[in-house]
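Residues per chain are reported as follows:
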Amino acid sequence: MKQFLNKVVENESLTMEEMQEASNQMFEAKTSETEIGAFLTGLKMKGEKAEEIAGLVSVIREKSVAATNQLTGVMDNCGTGGDRSQSFNISTTSAFVIAGAGIKIAKHGNRSISSKTGSADVLEHLGVSLETTKEHMLELLEDNGIAFLFAPNVHPDLKRIMKVRGDLKIPTIFNLIGPLTNPVRLDSQLLGIYRRDMLEMMASVLYKLGRKRAIVVNGAGHMDEASLAGDNHLVLMEEGELIPFTLHPDEVGLPVYENSRIIGGDAKDNAEILHQVLKGQHGPYRDTVVLNAGLAILANGKANTIQEGIALAKESIDSGAALQKLENLIDFSKRHKREVIS
């Protein structure tokens, strides 16, 4: 670890291969928490590069108990957090709309860290189990087209590093990588990030991680989701080519709302919002979900334009398909719980 620490302290960036080696060493018991903390701080001070982020993520994914390359055509949609918008669970709600449009989605998430309510909190309140095994995940993706992967369960080896993060009390590379560490091999992804200056770099990271197609978005008001409050800044990545663009809701026939109109609450409040959106209730919550789900459908390649993606998102909700995906996931959790008890 010392050679890598010395390099970042001297303001030199690591290659992807060097970062993979350094990351493997962070997981080893012989590496002290002090060394891990110094390394993460050095990276932060230097500024993390695409190769370093991709190197760390590839190691975390390999060490996951749910790592699999068995599936094809799977995507995820998630934001990094950190935008302090206190919005409802946009990407979690959108995930069911995406699945209802016929796209397999492995939803990777956690409890609340920087927001009021994390994806795990709201799904648990709705009755979705967080204890999904790898076998159950594969079954759900095959039969239902959507599964939830609770990050602490699929990345148990990260506990010591998470303790170091907590002790440091400063943002590190780990504040950027949550949505990237899905243990399922993803072909496409919609990634939200609160830092507009990192759009193209994160798109490059997704390519290095094997995504064929992806969209990275920084919303109006610097949200880590697409927003209806004004101009959204995006980068489309297709087979390594990066295409920056902006999107205003007026351009796709959606109304403009201030971000204050989509503030959420606790797990109970956000679960109710999610349920009402999937049941077809109109308003700023639905329109925000339609925009984000439409972008994800475009990122996946099922739609060729954002307008087409939005149309498919609306159809997913209005046909009841999105709500059915949630109900199937809840039913599966109930059956699994009965199996465990019996």
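A. Examining the overall build of the protein more closely. Counting secondary structure elements, the protein contains 15 helices and seven strands. Here the C-alpha coordinates of the protein stretch approximately 55 × 55 × 35 Å along the principal axes. For the protein, the proportion of its 342 residues judged to be buried stands at 56%. Contacts in the protein between residues far apart in sequence, at least 24 positions, make up 73% of those at least 6 positions apart. Total accessible area on the protein stands at roughly 14,100 Å², and carbon and sulfur atoms take up 48% of it. Of the side-chain charges in the protein, 37 are positive and 45 negative, and the distance between the mean point of each set is 4 Å.

B. Here's a closer look at unusual backbone geometry. With phi around 65°, Asn11 is a residue other than glycine that occupies positive phi space. Mapped onto the elements of the fold, Asn11 is located in the loop between helix 1 (2-9) and helix 2 (16-26). Look at Asn11 and you get exposed, because its relative accessible area is 52%. One non-glycine residue, Glu239, lies in positive phi territory at about 50°. Secondary-structure assignment places Glu239 in the loop between strand 6 (232-238) and strand 7 (241-247). Note on Glu239: relative accessible area 55%, which makes it exposed.

C. Fine view of the nonpolar core. Within the largest apolar cluster, 71 residues are counted, with the highest numbers of intra-cluster contacts made by Leu295 and Leu326. Of the residues forming this core, the biggest block, nine residues, is contributed by helix 13 (residues 284-300). Those residues in contact with Leu326, other than ones at most four positions away along the chain, are Phe96, Leu126, Val128, Leu274, His275 and Leu278.

Cut-off values and rules
Residues numbered from 1 in each chain as written. Predicted model: local features only at pLDDT ≥ 70, side-chain atom pairs only at ≥ 80, totals over all residues. Heavy atoms only, no water. Helix = DSSP H or I, 4+ residues; strand = E, 2+ residues; numbered from the N terminus. Buried < 20%, exposed > 50% of the residue type's maximum accessible area, 1.4 Å probe, protein only. Contact = heavy atoms within 4.5 Å. Areas by Shrake-Rupley, 256 points an atom, 1.4 Å probe, with all protein chains shown as cover. Lys, Arg positive; Asp, Glu negative; His and termini not counted. Charge placed at Lys NZ, Arg CZ, Asp CG, Glu CD. Core = buried A, V, L, I, M, F, W, Y, C linked by side-chain atoms within 4.5 Å.

Keep in mind these values describe shape, not function.
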